[in-house]
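Observations on the three-dimensional arrangement
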Amino acid sequence: MIGIRTDMNSTIATGHVMRCLSIAQELQNQKEDVIFFLADGQAAGLLESRGFPYVVLDSKWDDLEIELPVLKVAMKQKGISKLLVDSYYVTESYLRQLGSMAEVAYLDDLNAFDYPVHSLICYANYWEDLKYQRYYEYTRFYMGPSYAPMRSAFKHCRKHKIKPVAERLLMLSGGTDRYDVYEQLLSRIDLSQYKRIDVICGMYDKKYEMIKHRYREHANVVVHQAVEDIEKYMQAADLAVSAGGFTLYELCACGTPAVSFSLADNQLNNVKKFHADRVIEYAGDIRSDPVAEQILACLERYRRDWRERKQRSIKMQQLADGRGAERIAEIL
């Protein structure tokens with residue numbers, strides 16, 4: 001049996017669990033049994049809805065070493081031969097002890113220390129800057145956006161249709177919108193420029209009801225929460241605004257021209273690399289820059305420049321093809 005160790009909550013949002021679910025689904029398609037190990041029960045309902053078993057360790061998601069005695073017993077009871085770990089809170093001791101019980105694969109984008117694992121997977125576009133192989137001798141490496149673990153729906157994206165003038169806008173802020181990006185944008189943008197504006201609120205976004213109520217009289221502004229089929233909105237959009245997390249790779253698979261912003265340190269390398277490669281425009285860090293104004297300027301420029309949107313769309317789909325989860329499942 002293959003185990004997956006990850007978490008989700010209002011602080012780290014849903015990204016880790018969602019990408020691990022994509023991998024778990026591909027493993028299931030390959031007739032492998034999969035079980036999740038969680039610090040607490042916050043992801044339990046989601047896993048149950050997808051039909052995956054789990055074990056709640058009753059531990060701390062940001063202090064993984066304290067769970068080792070319980071996790072080791074659970075792994076032994078479930079007969080875990082391989083374990084995928086997706087958490088920023090691992091330590092060298094944690095990974096080494098797990099590696100003595102099973103073959104460990106680790107999803108990473110930091111190279112924070114020398115990870116004692118059997119397989120290291122980094123789908124980040126800036127993976128070359130991390131210079132992993134200078135430090136590792138016995139670990140197998142799987143590097144680059146071709147390993148970005150998306151749901152199977154992203155494997156079937158066609159070339160994006162580019163309209164002469166962008167008519168449909170998509171806004172994405174991740175699991176939460178703690179910096180009020182949506183309100184900053186919606187209050188400044190000329191809403192009449194777009195036939196439709198889809199605003200996607202995350203599972204932990206407490207402003208969902210407020211935004212929905214505030215723009216209820218604007219028929220072209222549609223506010224959603226925790227949608228299951230985000231790829232449909234991406235494929236339908238002419239332009240997107242997105243926080244700088246994993247969503248950018250999903251937008252790439254769909255070929256949806258986008259403007260990004262960052263709201264956490266672990267997004268900076270990502271968004272800056274996309275910008276430098278002229279794949280996705282970067283409008284700045286919401287914590288320190290006038291991001292709303294810069295996003296609006298980018299949108300105004302791209303809205304009528306179909307050639308630029310076309311070039312960007314082609315580059316995006318060349319970078320990520322939506323088959324990363326399938327490739328990681330094959331590794332496991």
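Below or above, wherever it landed, is the structure these notes cover. The structure presented is a predicted model; accordingly, all values stated were derived computationally and were not measured.

1. A short note on the pattern of salt bridges
- With the rule as written, the count across this model stands at 28 salt bridges.
- For aspartate 198, the salt bridge identified is with arginine 196, shortest N-O distance 3.0 Å.
- Residue classification places arginine 196 among the partly exposed positions, given a relative accessible area of 28%.
- A single network of salt bridges, built from pairs that share partners, joins Arg278, Glu281, Arg301, Glu308 and Arg312.

2. Some thoughts on the packing of helix H3 (residues 68-78) against helix H4 (residues 92-99)
- Across the interface, H3 lies against H4 with an axial gap of 11 Å and an inter-helix angle of 20°. Here H4 runs roughly parallel to H3, going by the angle between their axes. As for the relative orientation of H3 and H4, their crossing is right-handed in sense. On H4, the residues touching Leu68, Leu71, Lys72 and Met75 of H3 are Tyr94, Gln97 and Leu98.
- Residue composition of the contact of H3 with H4, grouped by class: five nonpolar, one polar and one charged.

3. Here we look at the nonpolar core
- In this structure, Phe36 and Phe37 are the most contacted members of the largest nonpolar core, which totals 87 residues.
- Residue contacts for phenylalanine 37: discarding those within four places in its chain leaves Gly3, Ile4, Arg5, Thr6, Val55, Leu57, Leu71, Ala74, Met75, Lys78, Ile80 and Leu83.
- Residues Val181, Ile197, Tyr208 and Ile286 belong to the second largest nonpolar core, which totals 34 residues.

4. As for the pairing of strand S2 (residues 34-38)
- Burial of S2 is extensive: five of the five residues sit out of reach of the surface.
- Side chains of S2 alternate between two faces, with Val34, Phe36 and Leu38 and Ile35 and Phe37 buried alike.
- Where strand S1 (residues 2-5) lies against S2, four bridges are found, and the strand directions are parallel. Bridge pairing in S2 links glycine 3 to isoleucine 35.
- Of the crossover connections in this fold, the one passing from S1 over helix H1 (residues 15-29) to the parallel S2 is right-handed.
- As paired elements, S2 and strand S3 (residues 54-56) share three bridges and run parallel to each other. Within S3, the residue paired with phenylalanine 37 across the bridge is valine 55.
- Remark: the S2/helix H2 (residues 44-50)/S3 crossover connection has right-handed handedness.

The rules behind each value
Throughout this description, residue numbers start from 1 for each chain and increase along the sequence as written. Predicted model: local features are reported for residues with pLDDT of at least 70 only, side-chain atom pairs are reported and counted for 80 or more only, and whole-chain, interface and lining totals are derived from all residues. Derived side-chain values reflect all non-hydrogen atoms in the structure, with water molecules and hydrogen atoms excluded from consideration. The salt bridge definition used is simple: a Lys or Arg side-chain nitrogen within 4 Å of an Asp or Glu carboxyl oxygen. Relative accessibility decides the category of a residue: with a 1.4 Å probe and only protein chains considered, values under 20% of the type maximum give buried, values over 50% give exposed, and everything between is partly exposed. Here the axes come from fitting lines to C-alpha atoms, over the contacting stretch only for helices, and the angles between their N-to-C directions go from 0 to 180 degrees. Going along the chain from the N terminus, every DSSP run of H or I of four or more residues is numbered as a helix, and every run of E of two or more is numbered as a strand. To sort the angles, those under 35 degrees are grouped as roughly parallel, those over 145 as roughly antiparallel, those from 65 to 115 as roughly perpendicular, and the leftovers as oblique. Here a crossing is taken to be left-handed if its near helix is turned anticlockwise relative to the far helix by less than a right angle, and right-handed if that turn runs clockwise. We call two residues in contact whenever any of their non-hydrogen atoms come within 4.5 Å of each other. Residue polarity is assigned by list, with Asp, Glu, Lys and Arg as charged and Ala, Val, Leu, Ile, Met, Phe, Trp, Tyr, Cys and Pro as nonpolar; anything else, Gly included, falls into the polar class. Buried Ala, Val, Leu, Ile, Met, Phe, Trp, Tyr and Cys residues that are joined via side-chain atoms within 4.5 Å together make up what is termed a nonpolar core. We call two strands paired when DSSP finds no fewer than two bridges between them. Convention used here: a crossover is right-handed provided that the path from the first strand, over the helix, to the second strand proceeds clockwise when the strands point away from the viewer.

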